[in-house]
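Residues per chain, in single letters:
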Amino acid sequence: RGRQAATTLRSTNPDATPSSDSDELDSAAWRDLEWRVSRARLVERFRRGVVRRKARFLPYKGAAAWARTMGIGRTEEDWVAWRELGEDWTPYVPLQPQVYYAKTGDWISWEHFLTGDGDAFLEPQQHAQEILPPNYFVTVDYGQFVPWDLGGSPQPVVRRAFQTTAPSRILDVGCGAGDNANWLAARGHRVLGVDLNPGAVSAALDRRDHLFAEHIRKSGGSADFRVDNVLEMTHAVEFDIALDSGLLHCLSDAHQSQYLARLARAVQIGGGLYVGCFSDMKP
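Residues numbered from 1 in each chain as written. Predicted model: local features only at pLDDT ≥ 70, side-chain atom pairs only at ≥ 80, totals over all residues. Heavy atoms only, no water.

Some points on the pattern of salt bridges
Phase 1 of the analysis: Counting across every chain of the model gives five salt bridges.
Phase 2 of the analysis: The salt bridge partner of glutamate 111 is arginine 74, with a shortest N-O separation of 2.0 Å. Highlighted residues: glutamate 111 in helix α6 (residues 110-115) and arginine 74 in the loop between α3 (60-70) and α4 (76-85), separated in sequence by 37 residues.
Phase 3 of the analysis: On the basis of relative accessible area, arginine 74 is assigned to the partly exposed category, the value being 45%.
Phase 4 of the analysis: Residue arginine 169 pairs with aspartate 240 through a salt bridge whose shortest N-O separation is 2.9 Å. Note that arginine 169 is positioned in strand β1 (residues 169-173) and aspartate 240 in strand β4 (residues 239-245), a separation of 71 residues in sequence.
Phase 5 of the analysis: Look at arginine 169 and you get partly exposed, because its relative accessible area is 25%. (Salt bridge = Lys/Arg side-chain N within 4 Å of Asp/Glu carboxyl O. Helix = DSSP H or I, 4+ residues; strand = E, 2+ residues; numbered from the N terminus. Buried < 20%, exposed > 50% of the residue type's maximum accessible area, 1.4 Å probe, protein only.)

Structural notes on a nonpolar patch on the surface
Phase 1 of the analysis: A cluster of nonpolar side chains, Leu260, Leu273 and Val275, forms an exposed patch at the surface whose accessible area comes to about 240 Å².
Phase 2 of the analysis: Looking at where leucine 260 falls in the secondary structure, it is placed in helix α11 (residues 253-266). (Patch = residues over 30% accessible without salt bridge, like charges linked within 9 Å, V, L, I, M, F, W, Y side chains within 5 Å. Areas by Shrake-Rupley, 256 points an atom, 1.4 Å probe, with all protein chains shown as cover.)

Considerations on the pairing of strand β2 (residues 190-195)
Taken residue by residue, a regular strand's side chains alternate between the two faces of the sheet.
Phase 1 of the analysis: Counting buried residues along β2, five of its six residues qualify, which places the element largely inside the surrounding structure.
Phase 2 of the analysis: Pairing geometry for β1 and β2, over five bridges, is parallel. Across the sheet, the residue bridging to valine 173 is valine 194, located in β2.
Phase 3 of the analysis: A crossover links β1 with its parallel partner β2, the connecting element being helix α9 (residues 179-186), and its sense is right-handed.
Phase 4 of the analysis: In terms of handedness, the path from β2 via helix α10 (residues 198-219) over to strand β3 (residues 222-227) forms a crossover that is right-handed. (Pairing = 2+ DSSP bridges. Right-handed = clockwise from strand over helix to strand, strands pointing away.)

Here it is, written out as structure tokens:
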């Protein structure tokens, strides 16, 4: 049964080398089987993280400040109608704030939550870069579930954008667990991923070594990862392309300018910048 299962796995992998007529598994089939086992383990670890996930919602004042910047309305009905649109949502605010913040003892009313209701403790126009706790992205535990973890697969938009791109030198800023960077390396690109979170970099290296190593070796690409602050990067014209998947909008206006200046130093003249930006508001 084990031989039959491995043969089935081999036949569904387009990268696997056709085997001989022998019943014995060849080296390509073993590599394919090992790759699939490693991926299954990663998926299971990711699933367990989801099951044991602890909510990381903003405190009431922060969530209320965010809601007020969105101009949702004044009532629960306004909230539900806006939420159903699916636009500009954030995982840092509960879907049912009246339930969650009632348990914390902070809930007052829908009007208060959405408009302030005469309460000046936070102005509605407060920018959201002041809402997320300092060092939030540094302290996120990649051993647990995080909303933006791709679980070993690249983002579809990245897959489409680079489907026919010739091998290039790519800087992946805010790389997270490295799924975009590792996929690009497996297609022959030379990629450096940087992230402020040491746990993210550790996860990226682990996935490179256990999920992508063989594909990267075959393609001639490379993937390296390091802990770095994007506002302090010192790379000098080393890359053809910079990839930003969800980082730019996490920075304040002043930090955005500083960050873009760092990218300009790192990417050669005529190079490209790919930005995946989810909101023109700060998170």
